[in-house]
Amino acid sequence: MSLDPSCLENRLTTEERHHFETNGYLVVDQALSSEQVDMLTRCVDRIREKKLAEGFDPHEYFFFPNFIPEDDAFVDLIDNPRVFPKVWGILGWNIYLYHAHFVVTPPRRVSQDQKPERKGFHQDSGRVNREMEGSPRPRLSLKVGYSLEGDPAPGNGNLYIIPGAHLQNEIRYPDDGVSDPEAAMPVSIDRGDAVIFDRRLWHSASPNWGASTRKMLFYGYGYRWLRTKDDMTVQHLYPELDPIRRQILGDGVNANGHFSPTDADVPLRSWLREHSPEAAE
């Protein structure tokens, strides 16, 4: 199958573009159906249970990259019709999935004191933020975070962001050594909602002092000339996928096609020419 033209109903609106450009993030309500959330949660639980059986501490933060090949349900989300049109609306058509990981944040141990602690705010892409010139530095990529489980109220392992800070190469912390920047805020989204955020947006994980476990999937989309950030061992999936999904998972004609793509390299552009010509420029 390929993209259903009905997904165009979810194209990035003028208001959404303004919010994203101004604040560095965008929330998509009900990005997943209840059935999708149930299925994806089972997939995440199955992977984590294997690690627990190997001795992984159930109280520890669990980070798992390169999860796409683990289940078809993960593959089906790479062109989610509720979200993908907004991704190409922001980045354009010469894109692919360069990174994917999920996180499970269980409640802290009862014995741990709830003391103030400074969060690890950062911009994505590591050395890019030292070696890329400019102020602000270029966007290059974005992430989509899907909420599968967890109390949306603050204090429950929420993703934290500093709205508007994607336009700042540096942030300043208070001098007390423990407080976060004043503008920092939790992303409080419900089960099945998604948050799209610019890779430059200063963001951080946070401790879970609640009773529920937080589970989130993160899909990172970037330009096709950007290297993958994890192993992305997905090439064996290509024969079963339609051309656009193959593009999203990194397929192409040759190396030069990442920089000067032909129609064969980027079938998404050909699809857009037919269904949404203004987005194919």
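As a starting point, this report considers the structure included with it. Just so we're clear, the structure is a prediction, and the values are computed from it rather than from any experiment.

Pairing is antiparallel in the open sheet, where three strands are placed in the order β6-β5-β8. Two strands lie at the open edges of the sheet, namely β6 (185–186) and β8 (203–204), each paired on one side alone. Pairing analysis gives two bridges linking strand β5 (residues 160–161) to β8, with the strands arranged antiparallel. The partner of I161 across the bridge, within β8, is H203.

This part is about the packing of aromatic side chains. Scanning the entire structure with this criterion turns up 13 aromatic pairs. On the basis of an interplanar angle of 55° and a centroid distance of 5.9 Å, the ring pair of F62 and F102 is categorised as tilted. With F62 in strand β2 (residues 62–65) and F102 in strand β3 (residues 95–105), this residue pair connects regions lying 40 residues apart in the sequence. Considered together, F62 and F102 belong to a single accessibility category, that of buried residues. Measuring from ring centre to ring centre gives 5.3 Å for Y223 and W225, while their planes differ by 20°; the resulting arrangement is stacked. Judged by relative accessible area, which is 37%, W225 ranks as partly exposed. A connected cluster of aromatic rings, assembled from ring pairs, spans F56, F62, F64, F67, F74, F102, Y146 and Y219. The ring centre of W209 lies 4.9 Å from the NZ or CZ of R108, which sits over that ring.

How each quantity is defined
- Residues numbered from 1 in each chain as written.
- Predicted model: local features only at pLDDT ≥ 70, side-chain atom pairs only at ≥ 80, totals over all residues.
- Heavy atoms only, no water.
- Pairing = 2+ DSSP bridges.
- Helix = DSSP H or I, 4+ residues; strand = E, 2+ residues; numbered from the N terminus.
- Phe/Tyr/Trp six-rings, centres within 6.5 Å; stacked < 30°, edge-to-face > 60°.
- Buried < 20%, exposed > 50% of the residue type's maximum accessible area, 1.4 Å probe, protein only.
- Lys NZ or Arg CZ within 6 Å of the ring centre and 35° of its normal.

Note that all results are geometric; they support no functional claim without further evidence.
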